[in-house]
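Given next are the chains, with one letter for each unit.
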Amino acid sequence: MNKVELYQAKQYIRDLTGGSLLVAESRVVAETLLQSLSDVEWNHLFIEENILKKKSPHTAIRYARAIRRRLEPLGKVFINDVIHAPDSYYKQLIMLALMIHTPVLPDFMQNVVAETKRVYRPNLEPDAWETFILDRSRTLPGLNDLSESTLKKSGTNIIRTLVDADYLNNNKERRLQPVYVLPETRDWLKKLNRLDLETIMECTL
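These figures come from a predicted structure and were not determined experimentally.

Draft legend 1. Inspection of the packing of aromatic side chains at higher detail. Throughout the structure, instances matching the rule amount to five aromatic pairs. Measuring from ring centre to ring centre gives 5.0 Å for Phe78 and Trp188, while their planes differ by 75 degrees; the resulting arrangement is edge-to-face. A residue pair is termed long-range when its members are at least 10 positions apart, and Phe78 in helix H5 (residues 76-84) and Trp188 in helix H10 (residues 183-191) qualify at 110 residues. Ring centres 5.9 Å apart and planes at 35 degrees place the aromatic pair Trp129 and Phe132 in the tilted group. Remark: Phe132 and Trp129 occur in helix H8 (residues 128-136); sequence separation between them is three residues, near one turn of the helix. Per residue, the accessibility class of Trp129 equals that of Phe132, and both read buried. Connected via pairs of aromatic rings, a cluster forms that spans Phe108, Trp129 and Phe132. When the ring centre of Tyr90 is taken as origin, the NZ or CZ atom of Arg27, which lies over that ring, is 3.9 Å away. Lying over the aromatic face of Trp188, Lys191 brings its terminal NZ or CZ to 4.3 Å of the ring centre.

Cut-offs applied
Residues numbered from 1 in each chain as written. Predicted model: local features only at pLDDT ≥ 70, side-chain atom pairs only at ≥ 80, totals over all residues. Heavy atoms only, no water. Phe/Tyr/Trp six-rings, centres within 6.5 Å; stacked < 30°, edge-to-face > 60°. Helix = DSSP H or I, 4+ residues; strand = E, 2+ residues; numbered from the N terminus. Buried < 20%, exposed > 50% of the residue type's maximum accessible area, 1.4 Å probe, protein only. Lys NZ or Arg CZ within 6 Å of the ring centre and 35° of its normal.

Everything listed is a geometric property; what it means functionally is a separate question.
In structure tokens:
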């Protein structure tokens, strides 16, 4: 096993096993990030007070950490927008945060979702993720060293993310739906110097 290749593979699918888009949870976690809490206080909120209302503390902390890693690097102004954004804008902001944090997501959107649209297929293929990962493992051999369960869970969360962000109608049919980047989201793409993600967010080639 090549440690460098394994590290690259882990960075590529970074944190996807932590959760999908996490629409219900992201705003709650965002609010805690602006409170300058200590680690002890932060853990207390998610474990003792269970502010995410999860059945197990393990799930609550996993979701909270995944969201924190996505949002924190983008700064307090971005986090503040996440807290106050109306529904469609909110979804696009947390989608943008996940795309920046986890490179496999924009790659999958560009090479699978946009390509499916380009050839006028109405639905994503049932094995789209498996085919994509098999192809990517040629250039990222470290993917072959990740466990089957990690890759499977990552694929499940990518599809769930695309459903939650309105790119697909549901998990089963996976029918493609149009998504248009809002002007406010585009402003953030400019501020973050990531205008390259605009066509990927709209799944146009």
